[in-house]
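Here's the letter readout for the chains.
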Amino acid sequence: MTALSFVAVRHAFGRTQVLRDFTLSIEPGAIVALLGASGSGKTTALRIAAGLEIPQAGEIRVGGKRVTAPGLFIAPESRDVGLLFQDLALFPHLDVEGNVGFGLKLSGAARRNRVGELLALVGLAGMARLYPHQLSGGQQQRVALARALAPGPGVLLLDEPFSSLDVVLRQQVRSEMVGLLKAVGTAVLFVTHDPEEALYVADRVAVMAQGAIVQEATPDNIWFRPANRFVAEFFGDTNFIPATVTAGRAATSLGSVEAQGHPDGPADVIVRAAGLRLGHGEGFQAVVRSSRILGPAAQVELVPRAAPDGMSRLIARTSISEKPETGAIVSLTLDPRMTFVFPRTG
Amino acid sequence: MAVYGDISGRMGRQGVASGLMAVLLLLLILAPLAAVLAFATADTGGLWAHLRATLLETYVVNGVMLVSGVVAAATLLGVGLAWLVTMHDFPGRRLLEYALILPLAMPAYILAYAWTDMLQVTGPVQDVLRQMTGWSVRDYWFPEIRSLGGAIFVLSLALFPYLYLLARAAFAEQSVSAIEAARTLGLSHAEAFRRVALPMARPAIAAGAILVGMETLADFGAVRYFELEVFTTGIYRAWFATGNPAAAGQLASLMLACVLVAVILERASRQGRRYASVTGVRRRPARTALKGARAIAATLACSLPVLLGFFVPATALGAMALNASEGIDISRLQVLVLNTFMLGISAAALLVGVAMGMAMLLGRRDSRLRQVARVAELGYATPGIVVAIGLLVVAGTLDAQLRAAGVLGSGEAGLLLSGSIAVLLYACLVRFFAVAYGPLDAAWLQMGTRYADPARTLGHRPASILRRVDLPLMRGSMAAVMALVFVEVVKELPATMILRPFNFDTLATEAFQLATTERLDLAAVPALAIAAVGLLPVVLLSLGLERADARLHRPEVLPR
């Protein structure tokens, strides 16, 4: 039994098709990231799961029970689904206790106790009497989380939950929230457009493009085994290298990589910036055009000395200790774990 | 990412039902106006031909002179003063910036009473003149206040603040860099005003001028008191003196046609306004500090309209009230205040209820039907007397239907609606729907599904959300709207006078009756009471003036 599943969901706003046969399942207790560019239909999928939007076709199941299907619609208030809104949408006329307790079917002391527990859980004990405008951004975030968790939903939906926070706060809140959600054990589907965030937070990542899931896998598999060129290129800088496949190996000017199952003939090789190894040996030579520090790594821009077609510029990422000087001549090889062969496009 | 509405498709049947109810409500509000338009082709038994041959020309000529006079004077005053206070600094500027909206507290008819008392032969001004010169009454010529000129004078004083507010907002919104660029390109301060600031503010000024023109056309109290022959007084005379409803109706339908044209013009000018808000730095303009004689002149120029439009008439009314204190019947006054408050509060509650209901029936997001619903705001642009005529027709028709169905007896007993408080409230609904609906619908749409969506995912049904989220969040807007409607109803004269139940008087009708029966001194107390109530929105407005939002007091004046 899955906590939440979408089965062949289709939805359009006017003539714009937002979801096309969207299918995705979330196991109980799992944290799944729904990753896509803005406008790819992520938020719509969440709203359909919550019952705030009704799809034109397909089925939604919560805890194995059908809640949206042709001829069937369970109202949002009767679903076992919690939603944390992108803009938080705390009720401005209610204090923290009023907000957190809003979805509780309890009253009096029982309600106060439950709200107290939730506030302790999110680290806001003793703040029950404050109003949303008196809280910092991070605190508001935690109140919204406590409010969504209060009724004990079987699945929690998070819509870009960290986008309203500044960079420093974001990392802190993010790791706190992951720990907290794991502790609570609720299944979580969270929407984001930030690949790094998806890889960091989720047990499984579902990459979405044009209204459908392109690949759904663990973060490691997404990173090391992208299903296609789109997924490979979605997670940061990559390089394109033309290749020719002969008998299960793809030959490029930087060496050959394994290409089991690919037919003989031309193919596309995509290598992540981190998959280009810089050395001082023989083989493919390139000039370092620029070498800059980017966060904990170095980003290196390279120009091949003898450029084969389509390769006028390459991007590599190295550790800072291996950061080359601008103008230096280096040799390049491929890290097979971050080099992918795809059928030739265009 | 776009935020989409609530449960779109599934609302299906329910959505259609609430849409239908909204349309019914819309028709109810528009019915009296439709009834007036239906008169356009009615048979008047020759009176219309007679009117056209005789009085119509007078109405048109007087109307054109009155409207153009008031629009010209109010524009000059409003725009000039707005320029003075936004771009200059002079003694008393901060206070005067707010004080200039005080005349809004006084309806034109009350200014008319006060100024008549001041300037009539036995009034204080001529008294002083005679004492100083030793002239007797026949020795000199003095302008007659109860004339076309007098009407232009009081209406300009009563209405210029609208233009002042709109022009002030337009000047304040303007990108300062445009004016600074003009100065660096060699234009003098005055040239920069004429060639840059004024053209940029023109759409707002045009909208204000149209608004003032419509208010002038709609005025009944002041022109009736001054015995001017214009459309509103003509309608009144045709219906009540000549007893020819069809002729009154035709005049009213002609007025309504004018209103429609003006509304369309206003809409067009508002659309043109977009180019006024060019992007650029929105800094507060650096004010030019005026010195010496110029500073004194500026202070005087700003004080004079405040004095003439508020303090002098208020003082005159106060003095009159004191002089007449023996003649004042306290128990009568209590009845008047009670009636006025009862009417004002019932109308305010009704309007807020209907407007809120309409907003909710139309759902939580913008739609084509919502655009259509804004046509109901037309009643606010329609003169009160025209609305009153429409209601007399609607109530009369309904009564006739009820009589025909045998529900009512014949004769006087056969009138259920005509002359009842219900019809008066209906008139308020038609006339002031825009005042309530404009801001409430805007607030409702702005809220959208933002709080309803989380409430639903937290397990609350729509009825519970209404009670626990929607209404508490709308409380502030509803209170403000109630206050605005209350004030409008208290000030409203012609519809109340025509539609009120027998023996039901309000402060406005009492003041009007006393004034027109030459008991101006006794009219002073109710008039002062109205002005006091009228101060309420002025205070609200000055609190919001920093946002330079003229629409707080005249929320959505016309259909968008």
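Our structure is the block above this text.
Now for a description of the structure that goes with this document. Given the structure is predicted, the values throughout are model-derived calculations rather than measurements.

1. Quick word on the sheet that holds strand S13 (residues 249–252) of chain A
Through backbone hydrogen bonds, the strands of a sheet pair up, either in parallel or in antiparallel fashion.
Residues and elements named next belong to chain A.
Then comes step 1: Judged by pairing direction, the sheet is antiparallel, and its five strands sit side by side in the order S14-S13-S12-S15-S21 without closing on themselves. Lying at the two open borders of the sheet, with one neighbouring strand each, are strand S14 (255–258) and strand S21 (339–343). Mean inter-strand twist for the sheet, computed between neighbouring axes without regard to direction, equals 35 degrees.
Then comes step 2: In the sheet, strand S15 (residues 265–272) pairs with S21 via five bridges, with the strands oriented antiparallel. Across the sheet, Val269 pairs through a bridge with Val341, a residue of S21.

2. Details of helix H23 (residues 520–543) of chain B
Residue and element names in this part refer to chain B.
Then comes step 1: In a regular helix each residue adds 1.5 Å, so 24 residues correspond to 34 Å; H23 covers 34 Å between its end C-alpha atoms and thus fits that length.
Then comes step 2: In the structure, H23 departs most strongly from a straight axis at Pro526, where the bend amounts to approximately 25 degrees.
Then comes step 3: The element H23 is largely enclosed, with a buried count of 17 among its 24 residues.

3. Some thoughts on the interface of chain A and chain B
Then comes step 1: At the interface, 23 residues of chain A touch 21 residues of chain B.
Then comes step 2: Counting residues per element, the ones that place at least two in the side of chain A that touches chain B are helix H1 (42–50) and strand S7 (81–84) of chain A.
Then comes step 3: Broken down by class, the residue content of the side of chain A that touches chain B amounts to 13 nonpolar, six polar and four charged.

4. Re the pairing of strand S12 (residues 238–246) of chain A
Residue and element names in this part refer to chain A.
Then comes step 1: Of the strand pairs in this sheet, S12 and S15 are connected by eight bridges, and their pairing is antiparallel. Considered in S15, the bridge of Ala243 is made with Ala267.
Then comes step 2: Pairing of S12 with S13 involves three bridges; the strand directions are antiparallel. Looking at the pairing, Val245 lines up with Ala250 of S13.
Then comes step 3: Hairpin connection, S12 to S13: the antiparallel pair is bridged by two residues, and Ala247 has positive phi, about 50 degrees.

5. Notes on the pairing of strand S4 (residues 57–62) of chain A
All names here are of chain A.
Then comes step 1: Judged from the five bridges that link them, strand S1 (residues 4–13) and S4 form a sheet pairing that is antiparallel. Bridged to Phe6 within S4 is Ile60.
Then comes step 2: Here three bridges tie S4 to strand S5 (residues 65–69), and the two strands are oriented antiparallel to one another. The partner of Ile60 across the bridge, within S5, is Thr68.
Then comes step 3: Counting the residues that bridge the hairpin from S4 to S5 gives two residues, and of these Gly63 lies at a positive phi of roughly 60 degrees.

6. Details of helix H6 (residues 124–133) of chain B
Residues separated by three or four positions in an α-helix point in the same direction, a consequence of the helix having 3.6 residues per turn.
Then comes step 1: Summarising burial for H6(B): zero of the ten residues are buried, a small minority.
Then comes step 2: Of the residues one or two after H6(B), B:Gly134 is the one with positive phi, at around 75 degrees.

7. A word on the environment of B:Ala268
All names here are of chain B.
Then comes step 1: With respect to the secondary-structure elements, Ala268 resides in helix H12 (residues 245–272).
Then comes step 2: For Ala268, a count of 14 C-beta atoms within 10 Å translates into the label partly exposed.
Then comes step 3: Distance in space between the C-alpha atoms of Ala268 and Pro203 is 9.1 Å, their sequence separation being 65 residues.

So, how was this worked out
Residues numbered from 1 in each chain as written. Chains lettered and ligands numbered in written order. Predicted model: local features only at pLDDT ≥ 70, side-chain atom pairs only at ≥ 80, totals over all residues. Pairing = 2+ DSSP bridges. Helix = DSSP H or I, 4+ residues; strand = E, 2+ residues; numbered from the N terminus. Axes fitted to C-alpha atoms, helices over the stretch in contact; angles between N-to-C directions. Expected span 1.5 Å × (residues − 1). Bend = angle between axes of the 7 residues up to and from the residue. Buried ≥ 20, exposed ≤ 12 C-beta atoms within 10 Å, placed from the backbone. Contact = placed C-beta atoms within 7 Å. Nonpolar A, V, L, I, M, F, W, Y, C, P; charged D, E, K, R; others polar.

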